[in-house]
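Read off the chains here:
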Amino acid sequence: MTTSTATATGMPAVRPYESYVYAYPHKTAYRPLPDRPALRELWAAEPKNALSLYLHIPFCEVRCGFCNLFTRIGAPEELTTRYLDALDRQAVAVRDALGDEDPVRFAAAAFGGGTPTFLTAGELERLCDIAEKRMGADLLAVPLSVETSPSTATADRLAVLADRGTTRVSIGVQSFVDEEARAAVRPQRRAEVEAAFGRIRDARIPVLNIDLIYGIDGQTERTWLTSLDAALAWRPEELYLYPLYVRPLTGLHRLGAAGTGPEAEALEQAAWDEQRLRFYAVGRDHLLAHGYEQVSMRMFRRTDAPQEGPEDYACQTDGMIGLGCGARSYTAALHYSFDYAVDMREIRSIIDRFTTTEDFSRAEVGRYVDAAETRRRHLLQSLLQAAGLPLDDYRARFGTDPHEDFPAELTRFADRGWLDARAPEGLLRLSPLGLAHSDALGPALFSPGVRAAMAAYERK
């Protein structure tokens, strides 16, 4: 499997790693909302019986070289207390905006970041109280996923999470080879990682997810297998395999900012793409051979693992409530959040503004989503899953067929061999080659309007 596979039909080659599409439209397509719509009006007619709740904690003990998430290093001068105070005020305002005319029910919850376990055990208790007492989420009754790191997965923090109903802990390891961890600007040692796994298993949280990265400088197929086998030794219920990206304003980007000229850079990029595709295939095949099923390009689940996600929440159709300055919320017509940045100074400024905000009753930054974008989002988020898109589901929601709505895109994908010609009738599904090229296929479905907004975004 190489980048040349796309040229088998005479079509131009494509880069397999354009971008990771985890939400659509991307936040770089958001803009300040001049009308600052009231949340009560935005949510008045929305279904509220299967919402997802996300609480964002924008703090980490270190910032990895590849990270472009909205997070800052450390939290001086009682900043976590001020942040939780603001989160509490926001939760009160949002819950009030949801109203009580219709039942409000959360089908899933997640704490992300940043690193939520950067908070102390006592602060994690308060975070859970905000989700339960302010928002009304029953954390003991719904799936609750929490992100952590090796150094912050301490016994007291994990005990709080287990007691409050956490069903899944996701821990970023990236590599079990110390030299590779250093190359990714992630200061950790394997012994520290293994100790964290032991504490997580002792806490008896049902699902352990381990994140690994391929494409790190100096990584070989042998060391990649070393990391995979080290993770498998703990029999994690889930594994995410991420290709390394070097994004603007990140530590790795700054390290390589000098450049080597356009021609040399193009050759280096092509070789790196080939390596990442090869390592992806090695990782995928290794996990499939060890009792895992593929859920998406990145996600693999142990076949006998409990189902962590909610049975009745679908990101294509149901709403999301995001609390915190890096969180986004979704209604049918508007996706909204706070300002977005990668540069540390900008992030600090946004966090400071969040902690001093008193009125959280209006949406400040976002993007309106029309009927055409809703169709596009449904197709994109369904097709990037290994299970594919049941055509009847799409027809029932929109009254049309995706082949009618997106003929050019789906024809192009079929010509590239990205669609599974052997899928059962009524199912639109990616082929193994298509799954491998998810990070090219996803961006190819972006609308011209979203592309233009993203291109015009001024990085900060």
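Here the structure is a predicted model, which is why all the values come from computation and not from measurement.

1. A closer look at the nonpolar core
No. 1: Membership of the largest hydrophobic core comes to 61 residues, with the highest contact counts inside it found for Ile 210 and Leu 212.
No. 2: With 50 residues, the next largest nonpolar core counts Leu 53, Met 135, Leu 144 and Ile 347 among its residues.

2. A few points about the side chain of Thr 115
No. 1: Note that Thr 115 resides in the loop between β5 (106-113) and α3 (121-134).
No. 2: Aside from chain neighbours lying at most four places away, what touches Thr 115 is Ile 57, Phe 59, Cys 60, Glu 61, Thr 148, Ser 149 and Thr 152.

3. Digging into the pairing of strand β7 (residues 168-174)
No. 1: Within β7, 7 of the 7 residues are buried, leaving the element largely enclosed by the surrounding structure.
No. 2: Bridge count for β7 against strand β8 (residues 207-214) is 6 bridges, and the pairing is parallel. What sits directly across from Ser 170, in β8, is Asn 209.

4. Quick word on the packing of helix α2 (residues 79-98) against α3
No. 1: At a minimum axis distance of 10 Å, the contact between α2 and α3 shows a crossing angle of 10 degrees. When the axes of α2 and α3 are compared, the pair comes out roughly parallel. Each of Thr 80, Thr 81, Leu 84, Asp 85, Leu 87, Asp 88, Ala 91, Val 92 and Arg 95 in α2 lies in contact with α3, whose residues at this interface are Glu 123, Arg 126, Leu 127, Ile 130 and Arg 134.
No. 2: Residues of the contact of α2 with α3, tallied by class, amount to 6 nonpolar, 2 polar and 6 charged.

5. Quick notes on the environment of Ala 86
No. 1: Relative to the elements of secondary structure, Ala 86 occurs in helix α2.
No. 2: For Ala 86, a relative accessible area of 0% gives the class buried.
No. 3: Between the alpha carbons of Ala 86 and Glu 358 there is a distance of 7.6 Å; along the sequence they are 272 residues apart.
No. 4: Once residues within four sequence positions are removed from consideration, Ala 86 is found in contact with Phe 354, Thr 355 and Phe 360.

6. With respect to the side chain of Thr 223
No. 1: Positionally, Thr 223 belongs in helix α7 (residues 221-232).
No. 2: Owing to a relative accessible area of 9%, Thr 223 belongs among the buried residues under this scheme.
No. 3: A distance of 2.5 Å separates a polar atom in the side chain of Thr 223 from a polar atom in the side chain of Glu 180.
No. 4: Ignoring sequence-local partners within four residues, the contact set of Thr 223 consists of Val 177 and Glu 180.

About the thresholds
- Residues numbered from 1 in each chain as written.
- Predicted model: local features only at pLDDT ≥ 70, side-chain atom pairs only at ≥ 80, totals over all residues.
- Heavy atoms only, no water.
- Core = buried A, V, L, I, M, F, W, Y, C linked by side-chain atoms within 4.5 Å.
- Buried < 20%, exposed > 50% of the residue type's maximum accessible area, 1.4 Å probe, protein only.
- Helix = DSSP H or I, 4+ residues; strand = E, 2+ residues; numbered from the N terminus.
- Contact = heavy atoms within 4.5 Å.
- Pairing = 2+ DSSP bridges.
- Axes fitted to C-alpha atoms, helices over the stretch in contact; angles between N-to-C directions.
- Parallel < 35°, antiparallel > 145°, perpendicular 65-115°, else oblique.
- Nonpolar A, V, L, I, M, F, W, Y, C, P; charged D, E, K, R; others polar.
- Polar contact = N/O pair within 3.5 Å; in protein donor to acceptor, adjacent residues only side chain to side chain.

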